[in-house]
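Listed here are the chains, written in short residue letters.
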Amino acid sequence: QVHLVESGGGLVQAAGSLRLSCVASGRTFSNYAMGWFRQAPGAEREFVAYISQSGGTTSYADSVKGRFTISRDNAKNTVYLQMNSLKPEDTAAYYCTADGSGVAVVRSRGAYWGQGTQVTVSS
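I will try to describe carefully the structure that is included in this document. (Residues numbered from 1 in each chain as written. Predicted model: local features only at pLDDT ≥ 70, side-chain atom pairs only at ≥ 80, totals over all residues. Heavy atoms only, no water.)

**A short note on the pairing of strand S7 (residues 68-73)**
Along a regular strand, successive side chains alternate from one face of the sheet to the other. Inclusion rule: For every residue, the accessible area obtained with a 1.4 Å probe (protein chains only) is divided by the maximum for its type, and the residue is called buried under 20%, exposed over 50%, and partly exposed between those limits. The helix count covers DSSP runs of H or I at least four residues long, the strand count covers runs of E at least two residues long, and both are numbered beginning at the N terminus. Only strands joined by at least two bridges in the DSSP assignment are considered to pair.
Judged by which residues are buried, S7 turns out to be one-sided: Phe-68, Ile-70 and Arg-72 face inward and are buried, whereas Thr-69, Ser-71 and Asp-73, on the alternate face, are not. When S7 meets strand S8 (residues 78-83), the two strands line up antiparallel, connected through six bridges. When the bridges of S8 are listed, Ile-70 appears paired with Leu-81. As consecutive antiparallel partners, S7 and S8 are separated by four residues, and within that stretch Asn-77 has a phi angle of approximately 55°, a positive value.

Dropping the structure here:
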């Protein structure tokens, strides 16, 4: 079992920045690919970013490419999402997910999910 806890959300003005963190516990963190997803009210959950177990491979949704950066610190059991140039349309609950399979993570089929952290971007 892997327990994930997100933090770092909040209210920010458009063009501002936030850094989300997701701390994992329970298993060897470096064995898991990690991802960030988001879900706005009334919308489906959507992929935001992915990072491989070593951190050597990342991928992003087109909507955040160039603005968001995913990273991880395996010594701290933590994955981060640096969000810059935020837009009102980035408003959503953000969730981190973990799985031994990177394909499962990207396909929103990760075995483990956090409880989410709310990001609200005002115009």
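**Some remarks on the sheet that holds strand S3 (residues 18-25)**
Let me state the cut-off plainly: Geometry is summarised by axes, namely lines fitted to C-alpha atoms with helices restricted to the contacting stretch, and by angles between N-to-C directions that run from 0 to 180 degrees.
Reading across from one edge, S1-S3-S8-S7 is the order of the four strands in this open sheet, with antiparallel pairing throughout. For this open sheet the edge positions go to strand S1 (3-7) and S7, each flanked by a neighbour on one side alone. Direction aside, the axes of adjacent strands within the sheet are offset by 15° on average. With six bridges joining them, S3 and S8 adopt antiparallel strand pairing. Bridge pairing in S8 links Leu-18 to Met-83.

**Some details on unusual backbone geometry**
Notably, Ala-15 is not glycine yet its phi reads approximately 80°, a positive angle. Looking at where Ala-15 falls in the secondary structure, it is placed in the loop between strand S2 (10-13) and S3. Its identity as a non-glycine residue notwithstanding, Ser-85 has a phi of 50°, on the positive side. Assessed through its relative accessible area of 40%, Ser-85 is described here as partly exposed.

**Overview of the packing of aromatic side chains**
As a reminder, the rule being used: Any pair of Phe, Tyr and Trp rings, taking the six-membered ring for Trp, is counted once the centres come within 6.5 Å. Such a pair is stacked with planes under 30 degrees apart, edge-to-face with planes over 60 apart, and tilted for the rest. Charge-over-ring placement is defined geometrically: NZ (Lys) or CZ (Arg) within 6 Å of the ring centre, and within 35 degrees of the ring normal.
This model, assessed by the stated rule, comprises three aromatic pairs. Judged by centre distance (5.6 Å) and plane angle (75°), the ring pair of Phe-37 and Phe-47 falls under edge-to-face. One end of the pair, Phe-37, is in strand S4 (residues 33-39); the other, Phe-47, is in strand S5 (residues 46-51), with 10 residues separating them in the sequence. Following the ring pairs from residue to residue traces out a cluster consisting of Phe-37, Phe-47 and Trp-113. Over the aromatic face of Trp-113 sits the side chain of Arg-45, whose NZ or CZ is 3.8 Å from the ring centroid. When the ring centre of Phe-29 is taken as reference, the NZ or CZ atom of Arg-72 above it lies at 4.4 Å.

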